[in-house]
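# Geometric and topological summary
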Amino acid sequence: MAQIATIVPIMLTVGANRIVPGVAIPHPVGNPEAGLEEDKKTRRKLVLRALKALQTEISEQTIFDSD
Amino acid sequence: MSYRVVCYINQFYGGKGGEEAADFKPALVKNPVGPGLELQKFFGDEAVIVGTIICGDGYYAEHIEKARAECLKMIQDLKPDMFVAGPAFNAGRYGVACGDICATVAESLGIPSVTGMFPENPGVELYRAQIFIVKTEGSARGMKEALSSMARLGLKLLKGTPLGPAREEGYIHRGIRKNFFKEKRGSLRAIDMLLQKIAGKTFETEYEMPVFKKIPPAPPIKDLKHATIALVTSGGIVPRGNPDRLRVSSSESYAKYDISGLDDLTPDKFESIHGGYDRMWANLNPDVVVPLDVMRELERGGEFGKLHPYLYTTTGTGTSVANAERFGREIGRELKEAGVDGVILTST
């Protein structure tokens, strides 16, 4: 499981292992304020990051914040 | 005029024997027995033990309804003002029996019911919210202290003396929060606490944090191109109208919805009912919380094998750790049984 959410310290505290920092609390997988194109681009980037995290061997809680 | 107290003890403390007498049927002695003798001393002349029920731990555990009814009848007939069971220390069956009979008496007779257990006794989690469980040591070595605390708390309950925090009164807290004024305001108390912490001195939290478990990471997906991925969210995205009445906070349930025919979550069909964040963006385009549109594109493009047909959803805000754990276990089991290889969980 990979979790996409904004408040990383919370995800760490509750024990999530594969963590993808999200954009903002009300829209973790999107950037709607920047317009539809940007929004979709951001969403795609984060989802791909989450899919990459699912394929990554880890031994402890890991934050995936770059590609 | 002293208060009338009835006690409950098991076969061992009642002098009937050990494990071999665990099936001892409930019997009444119209006097203090075993620990009751010491307990009576702690009551002084303020309360008098008018009867003791002796019951085998095995009997109570194996015939819970029958034992409960039999004991309650005996207790009722003595017209007590208070009921005291145990202390059970860390004995599991004894703790459950004490908890059960105390809860039954408290509810049926409306009188204070007190028992004593070691915090790890299974009876604690089951009954702490319904009765007063005095905190004891793990064995009868702590008998004297346990009885003293039970007597002290019992008399306070009988007299209606206002109680302080559980910790001060010596019982295991029942999860009830009471508001009251402190002399120093919160910001000052917080600074005091922080200074203690920084100096490496002991400090006492005013609010206990739940303990979160560390889960070993799952092995990575080896073959994403043939993997089935599921979407799960705690962002409260539901079909418009919230057909399953998911709570807006403090969830008691989760739901699953068929998204197999959908390429996109659109505001005419879906909405957010989560009470903990500004739902404006989610209600304009639910994909910003549950990325179905992108997942569908990536699925079509062969990035991964298949998107699981069901979206699992609940509301995260205010949801108890216990419920969240249960949801996670149940959803995880269902997904595993359905052959899902990985999950993307989105939270707000």
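Higher on the page you've got the structure.
What comes next concerns the included structure. Residue positions are counted from 1 within each chain, in the order its sequence is given. Here every chain gets a letter starting at A, and every ligand a number starting at 1, in the order they are written. With pLDDT at 70 or above as the cut-off, local features in this predicted model cover only qualifying residues; side-chain atom pairs require 80 or more to be listed or tallied, and sums for whole chains, interfaces and linings still use all residues.

## Describing the overall build of chain A
In terms of regular secondary structure, chain A is built from two helices and three strands. Helix and strand labels come from DSSP, where a helix needs a run of H or I of at least four residues and a strand needs a run of E of at least two; each type is numbered from the N terminus. Listing each helix as α and each strand as β along chain A from the N terminus yields β-α-β-α-β. Here the C-beta atoms are placed from the backbone, and a residue counts as buried if at least 20 other C-beta atoms lie within 10 Å of its own, exposed if 12 or fewer do, and partly exposed otherwise. A buried classification covers 45% of the 67 residues belonging to chain A.

## Thoughts on unusual backbone geometry
All names here are of chain B. With an omega dihedral of 5°, the bond running from Gly86 to Pro87 counts as a cis peptide bond. We note that Phe89 has phi near 50°; this positive angle belongs to a residue other than glycine. By secondary structure assignment, the location of Phe89 is in strand E4 (residues 82–89). Look at Phe89 and you get buried, because 20 C-beta atoms sit within 10 Å.

## Side note on the environment of Tyr310 of chain B
All names here are of chain B. Inspection of the secondary structure puts Tyr310 in strand E11 (residues 306–313). What makes Tyr310 buried here is the crowd of 20 C-beta atoms within 10 Å. For the pair Tyr310 and Val232, spaced 78 residues apart in the sequence, the C-alpha separation amounts to 8.7 Å. C-beta atoms are first placed from the backbone for all residues, and any pair lying within 7 Å is then listed as a contact. Apart from residues lying up to four places away in sequence, Tyr310 is in contact with Lys256, Tyr257, Asp258 and Ile259.

## Section: the environment of Ile172 of chain B
Along the chain, Ile172 of chain B turns up in the loop between helix H7 (166–169) and helix H8 (186–198). In this structure Ile172 of chain B touches Pro119, Val124, Arg128, Ile133, Lys135 and Ala166 of chain B, once residues within four positions along its chain are discounted.

## So, the packing of helix H2 (residues 36–54) of chain A against helix H10 (residues 292–300) of chain B
Interaxial distance between H2 of chain A and H10 of chain B falls to 9 Å at its minimum, and their mutual angle equals 65°. As for the relative orientation of H2 of chain A and H10 of chain B, their crossing is right-handed in sense. Along its contact with H2 of chain A, which presents Lys40, Arg43, Arg44 and Val47 of chain A, the element H10 of chain B presents Val294, Met295 and Leu298 of chain B. Gly is placed with the polar residues, together with every amino acid not listed as nonpolar (Ala, Val, Leu, Ile, Met, Phe, Trp, Tyr, Cys and Pro) or charged (Asp, Glu, Lys and Arg). In terms of residue class, the contact of H2 of chain A with H10 of chain B is built from four nonpolar, no polar and three charged. Each axis is a line fitted through C-alpha atoms, and for a helix only the stretch in contact is used; angles between axes span 0 to 180 degrees, taken between their N-to-C directions. Crossing chirality is assigned from the near helix's rotation relative to the far helix, an anticlockwise turn below a right angle marking it left-handed and a clockwise turn marking it right-handed.

## Re the interface of chain A and chain B
Often the size quoted for an interface is simply the accessible area lost on bringing the parts together. In this complex, chain A contributes 29 residues to the contact, which on the side of chain B involves 32 residues. Secondary structure elements with two or more residues in the side of chain A that touches chain B: strand E1 (2–5), helix H1 (8–14) and H2 of chain A. The element contributing the most residues to the side of chain A that touches chain B is H2 of chain A, with eight residues. Residues of the side of chain A that touches chain B, tallied by class, amount to 15 nonpolar, nine polar and five charged. Any two strands are treated as partners once DSSP identifies two or more bridges connecting them. In this structure, E1 of chain A lies alongside strand E12 (residues 342–346) of chain B, joined through three bridges in parallel fashion. The partner of Ile4 of chain A across the bridge, within E12 of chain B, is Thr346 of chain B.

## Quick look at the nonpolar core
Under the definition applied here, buried Ala, Val, Leu, Ile, Met, Phe, Trp, Tyr and Cys residues are grouped into a nonpolar core through C-beta atoms within 7 Å. In terms of nonpolar packing, the biggest core is built from 54 residues, with Val5, Tyr8, Cys55, Val84, Cys102, Ile133 and Met150 of chain B touching the most fellow members. For this core, the element with the highest residue contribution is helix H4 (residues 92–109) of chain B, accounting for eight residues. Within the second largest apolar cluster, 47 residues are counted, among which are Ala53 of chain A together with Val288, Val290 and Phe304 of chain B.

## Side note on the environment of Pro267 of chain B
All names here are of chain B. Tracing the chain through its elements places Pro267 in the loop between strand E9 (255–258) and strand E10 (270–272). Residues Pro267 and Pro239, 28 residues apart in the sequence, show an inter-C-alpha distance of 9.1 Å. When sequence neighbours within four positions are dropped, the list of residues in contact with Pro267 reads Asn283, Leu284, Asn285 and Pro286.

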